[in-house]
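Residues per chain, in single letters:
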Amino acid sequence: RKNEVVSGTLGKPAILSSGDTILIKDKDLLQQNNTNQSYLFHLHSRDAIINKYLSRLTVIPSKQASEMLELTLTDEYPDRAKHFLNTLLYFYDSSSIEYKNKAIQKALSFLNNRISDVNAEINTLEERIKQYKVKNKINDVSQAATQALNELNTLDGQKSILGFNEELLALV
């Protein structure tokens, strides 16, 4: 949008060339009963406003901390300058947090993919080791011991049953 001059009356809507409506309310002027007084407003384009603020903004390294910056904005209204700087810092912090969150998400995604890949590699290696042991008839000692213990327990159980059956036959 180009710079535009709009005239209107305080407290009453003024229509811009874009079709937008602007309503200016100033408590002090309204209390003074100046509602019928006309005012002239200059509406500037977005680029003009950006260039105005950029030309008035100073950024220098902080003297207290090397990783910090000092921001200064020259403006006719100190409260407006303070509000502008606070808003600028708010959006800087928000975008910084958003950037860090995206970086963390990418790192988590990478790590999850890497864990999945490593897990697949481990499974493949375990399978190759198992096949090698079978092919070369290498027994796992702990597995063989567990299997032998299970077989002994089974044989003990069968021996007990046979002993019980012999006692029953002796009674008959």
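Keep in mind it's a predicted model, so treat the numbers as computed, not measured.

Caption draft 1: Molecular detail of the overall build of the chain. A count of helical and extended segments in the chain gives 4 helices and 6 strands. Ordered by position from N to C terminus, the α and β elements of the chain give β-β-β-α-β-α-β-β-α-α. Within the span of the chain, comprising 172 residues, buried residues form 9% of the whole. Element-wise, carbon and sulfur atoms account for 57% of the exposed surface of the chain, whose accessible area totals about 15,200 Å².

Caption draft 2: Up close: the side chain of Asp75. Tracing the chain through its elements places Asp75 in the loop between strand E6 (69-73) and helix H3 (78-135). A distance of 3.5 Å separates polar atoms of two side chains, one belonging to Asp75 and the other to Arg56. In terms of polar contacts, Asp75 uses its side chain to reach the backbone amide nitrogen of Tyr77, at 2.9 Å. With residues near it in sequence (within four places) discarded, Asp75 still touches Tyr53, Arg56, Arg80 and Ala81.

Caption draft 3: Spotlight on the pattern of salt bridges. Enumeration over the complete set of coordinates arrives at 6 salt bridges. Notably, a salt bridge pairs Glu76 with Arg56, separated by 2.9 Å at the nearest N-O pair. Of this pair, Glu76 sits in the loop between E6 and H3 while Arg56 is found in helix H2 (residues 46-56), placing the two residues 20 residues apart along the sequence. Among the ionic pairs, Lys102 bridges to Glu98, the shortest N-O distance being 3.5 Å.

Caption draft 4: Structural view of the packing of aromatic side chains. Using the criterion set out here, one finds 2 aromatic pairs in the structure. Ring geometry for Tyr90 and Phe91: centres 5.2 Å apart, planes at 80 degrees, overall edge-to-face. It is Lys52 that lies over the ring of Tyr53; its NZ or CZ is 5.6 Å from the centre.

Caption draft 5: Structural view of the side chain of Ser62. Considering the arrangement of structural elements, one finds Ser62 in the loop between strand E5 (57-61) and E6. Residue classification places Ser62 among the buried residues on the basis of a relative accessible area of 12%. Excluding anything up to four places from it in sequence, Ser62 contacts Met68, Leu69 and Glu70.

The rules behind these values
- Residues numbered from 1 in each chain as written.
- Predicted model: local features only at pLDDT ≥ 70, side-chain atom pairs only at ≥ 80, totals over all residues.
- Heavy atoms only, no water.
- Helix = DSSP H or I, 4+ residues; strand = E, 2+ residues; numbered from the N terminus.
- Buried < 20%, exposed > 50% of the residue type's maximum accessible area, 1.4 Å probe, protein only.
- Areas by Shrake-Rupley, 256 points an atom, 1.4 Å probe, with all protein chains shown as cover.
- Polar contact = N/O pair within 3.5 Å; in protein donor to acceptor, adjacent residues only side chain to side chain.
- Contact = heavy atoms within 4.5 Å.
- Salt bridge = Lys/Arg side-chain N within 4 Å of Asp/Glu carboxyl O.
- Phe/Tyr/Trp six-rings, centres within 6.5 Å; stacked < 30°, edge-to-face > 60°.
- Lys NZ or Arg CZ within 6 Å of the ring centre and 35° of its normal.

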